[in-house]
Amino acid sequence: MATEPRRLRCSFCLKAEEEVARIIAGPGSYVCDECVALCVRILAADSPPPTNEPDLPRWASLTDEQVLERLPKLAEIRDQVESALDLWVGEARRRKVPWSRIGAALAMTRQSAWERFSHDI
Ligand SMILES: [Zn+2]
């Protein structure tokens, strides 16, 4: 059975729920009040952002410790998404959707889908 993540973490800034005032849930992803406020400011700006490229890390400016600090936070985000995926596959199985269709939806074989998800249901 799918389980809820141990602790919610904003999928955008990686802050944990106890570090922000509110967390809003989406399907496997979460956004905090601070990121929503930032998005509102960006959307309200007169000019569009200079690029549509994501703000990728400037690798050369990060220390090894800063890179390592990110890893467990990103793993928690992965777990949040995995929990949502387990939940949705579980719902598909409750609806008697065959493993072949679930596999096709996930671009994997029927066997791979069964091996990955059957233990969660
Ligand atoms: Zn955030």
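Structural data are supplied above this passage.
Residues numbered from 1 in each chain as written. Predicted model: local features only at pLDDT ≥ 70, side-chain atom pairs only at ≥ 80, totals over all residues. Heavy atoms only, no water.

Thoughts on the overall build of the protein chain
The line we're drawing: Comment: elements are numbered from the N terminus, with helices defined as DSSP H or I runs of at least four residues and strands as E runs of at least two. Relative accessibility decides the category of a residue: with a 1.4 Å probe and only protein chains considered, values under 20% of the type maximum give buried, values over 50% give exposed, and everything between is partly exposed. Residues are treated as being in contact if the distance between any of their heavy atoms lies within 4.5 Å.
Assigned secondary structure in the protein chain consists of four helices and two strands. Along the protein chain, helices and strands appear, N-terminal first, in the series β-β-α-α-α-α. Relative to its full complement of 121 residues, the protein chain shows a buried share of 22%. Sequence separation of at least 24 residues holds for 42% of the intrachain contacts in the protein chain that already meet a minimum separation of 6.

Let's talk about the coordination of the zinc ion
Rules: Water is not part of the atom set, so a site may look incomplete; the donors themselves are N, O and S atoms within 2.8 Å of the metal, or 3.2 Å for Na, K and Ca.
Ligation of the zinc ion by protein atoms is provided by Cys 10 (SG), Cys 13 (SG), Cys 32 (SG) and Cys 35 (SG), these donors lying 2.3 Å from the ion. Mapping the donors of the zinc ion onto the primary sequence yields the spacing C-x2-C-x18-C-x2-C. Of the two residues, Cys 10 is situated in the segment before strand S1 (23-25) and Cys 32 in strand S2 (residues 30-32); the sequence distance between them amounts to 22 residues. Each member of the pair, Cys 10 as well as Cys 32, is classed as buried.

Section: the pattern of salt bridges
Applied cut-off: By convention in these notes, a salt bridge is any Lys or Arg side-chain nitrogen within 4 Å of a carboxyl oxygen on Asp or Glu.
Here the structure, examined in full by the defined rule, presents ten salt bridges. Taking the shortest distance from any N to any O, the salt bridge between Glu 76 and Arg 9 comes out at 3.3 Å. You can see Glu 76 sitting in helix H2 (residues 64-94) and its partner Arg 9 sitting in the segment before S1, a full 67 residues away along the chain. With relative accessibility at 4%, the residue Arg 9 sits in the buried group. Between Arg 95 and Glu 91 there is a salt bridge, with its nearest N and O atoms 2.7 Å apart. Overall, the relative accessible area of 30% leaves Glu 91 in the partly exposed class. Within the structure, one salt-bridge network assembled from shared partners comprises Arg 7, Arg 9, Glu 18 and Glu 76.

Re the side chain of Glu 76
The class of Glu 76 is buried, set by a relative accessible area of 13%. If we skip the residues at most four places from it in the chain, Glu 76 touches Arg 6, Arg 7 and Arg 9.

Thoughts on the nonpolar core
For soluble globular proteins, nonpolar side chains are generally found buried alongside one another. The condition is simple: For our purposes a nonpolar core is just a set of buried Ala, Val, Leu, Ile, Met, Phe, Trp, Tyr and Cys residues, chained together by side-chain atoms within 4.5 Å.
Listed in full, the seven residues of the largest apolar core are Val 89, Ala 92, Val 97, Trp 99, Ile 102, Ala 113 and Phe 117. Listed by contribution, the elements that provide at least two residues to this core are H2, helix H3 (99-105) and helix H4 (110-117). Counting five residues, the second-largest nonpolar core is a separate cluster that includes Val 20, Val 31, Cys 32 and Cys 35.

Looking at a nonpolar patch on the surface
Basically, it comes down to this: Grouping into patches uses exposed residues only, defined as over 30% relative accessible area, and leaves out salt-bridged ones; the cut-off is 9 Å for like charges and 5 Å for nonpolar side chains (Val, Leu, Ile, Met, Phe, Trp, Tyr). Per-residue accessibility takes into account occlusion by the displayed protein chains alone, with areas from the Shrake-Rupley method and a 1.4 Å probe.
Together, Trp 59, Leu 62, Val 67, Leu 68 and Leu 71 line one region of the surface with nonpolar side chains, adding up to about 490 Å² of accessible area. Counting through the fold element by element, Val 67 comes out in helix H2. Of the residues examined, Val 67 reaches a relative accessible area of 31% and is grouped as partly exposed.

Concerning the state of the cysteines
Any covalent bond linking the sulfur atoms of two cysteines counts as a disulfide. Put simply, the rule reads: When two cysteine sulfur atoms are found within 2.5 Å, that pair is recorded as a disulfide.
Per the stated rule, a full pass over the model turns up zero disulfides. Left without a disulfide partner, Cys 39 is nearest to the cysteine sulfur of Cys 35, which lies 6.5 Å away. In this structure Cys 39 comes out as partly exposed when scored by relative accessible area, which is 38%.

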